[in-house]
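Working through the structure, step by step
The residues making up each chain are set out below.
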Amino acid sequence: MVVLHQDIGKTIQPKVRQDLIIQELASTFKSTGRLEIPDFLDSATAEHMHYFYNELYPSEWWSSSSVPAVYKNNLTNSEIYDEYNQGDRFQNTPENQAAIRVTYETAHKANGEGRFAYFFYRSFGDHPSDCICQECQLTRFFSTPNFIEFLNAITGHTLNIKSPFTIFTSKYSQGCFLNTHSDDMNGNLAFVYHLTKDWRPDYGGLFTAQDKDRNVLKTIVPGFNKFVCFRVGDYITPHSVTQVAHNVPKHRISLTGWYK
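Residues numbered from 1 in each chain as written. Predicted model: local features only at pLDDT ≥ 70, side-chain atom pairs only at ≥ 80, totals over all residues. Heavy atoms only, no water.

The next subject is helix H5 (residues 145–154). The buried fraction of H5 is high, at seven of ten residues. What H5 keeps buried is the set Phe147, Ile148, Phe150, Leu151, Asn152, Ala153 and Ile154. With its phi angle positive at about 70°, Gly156 sits one or two positions after the end of H5. (Buried < 20%, exposed > 50% of the residue type's maximum accessible area, 1.4 Å probe, protein only. Helix = DSSP H or I, 4+ residues; strand = E, 2+ residues; numbered from the N terminus.)

So, on to the packing of aromatic side chains. Under the defined criterion, the tally for this structure stands at 30 aromatic pairs. Ring geometry for Phe52 and Tyr57: centres 5.5 Å apart, planes at 90°, overall edge-to-face. Arranged with centres 5.5 Å apart and planes meeting at 50°, the rings of Phe141 and Phe147 form a pair that is tilted. The same class applies to Phe141 and to Phe147, which are both buried. Among the aromatic side chains, those forming a connected cluster through ring pairs are Phe40, Phe141, Phe142, Phe147, Phe150, Phe191, Tyr193, Phe227 and Tyr259. One residue, Arg122, lies across the ring of Phe168, its end atom 3.8 Å from the ring centre. The ring of Tyr121 has Lys171 sitting right over it, with the charged end atom 5.3 Å from the ring centre. (Phe/Tyr/Trp six-rings, centres within 6.5 Å; stacked < 30°, edge-to-face > 60°. Lys NZ or Arg CZ within 6 Å of the ring centre and 35° of its normal.)

Before going further, it helps to spend a moment on the pattern of salt bridges. Per the stated rule, a full pass over the model turns up eight salt bridges. A salt bridge links Glu47 to Lys197, with the nearest nitrogen and oxygen atoms 2.6 Å apart. Placement of the pair is Glu47 in helix H2 (residues 43–56) and Lys197 in the loop between strand S7 (189–195) and strand S8 (207–210), with a sequence separation of 150 residues. When its relative accessible area of 37% is taken as the criterion, Glu47 is described as partly exposed. The exposure class assigned to Lys197 is partly exposed, which follows from its relative accessible area of 25%. Across the salt bridge formed by Asp202 and Arg200, the nearest N and O atoms sit 2.6 Å from each other. (Salt bridge = Lys/Arg side-chain N within 4 Å of Asp/Glu carboxyl O.)

Dropping the structure here:
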């Protein structure tokens, strides 16, 4: 049984910074297909979410997520395994550590062989619908009609966004990585809200936006209270997260997902 800290469920009131010039953002998005916005939410929310994920978040709320699948434990009986979309998933509990280690080693072996692979930790949106934890509160904020209208405005109303496809939290620790992929089936706008302090480029965990020939167009270092979004679909924005170095003592944490 997980004993929750008394601060889990504390009310947050997220607000997007008010001095953004929407027309300039829309112009940048039109020309590049992506945006990077620092100091995105009010500082009280950002600071509390950093505290929440680093000090309060129960370890059992994380699950490993990896490809290629070894156990194929995330499939129903009627599904056929798809190496891109369906990987292994194990809740981060003591009894699952041996299986998590196997999936970690399998992902790294596939990566060394030049195959598509990834390994990182994430949430899976399996909290009760009335959950009041801060992750669920922030997810609901990013799902509100007002926020979706904000996204439509900063993307120049070119994508006709209507709702989130999915939103989750990711954690990249030592050895975690995500190889180049396109998210084409997940919607038409991807986002990453970074909540990592004092991250150095040599730690790894860098987001790279690429062209269709895998030339790197943009590298983004994880930051604190930084919002990144980019167009997806038709292999328009291949991207990756570089491997986190093995001596890094902290975690790259972000809320991430897609809109359609």
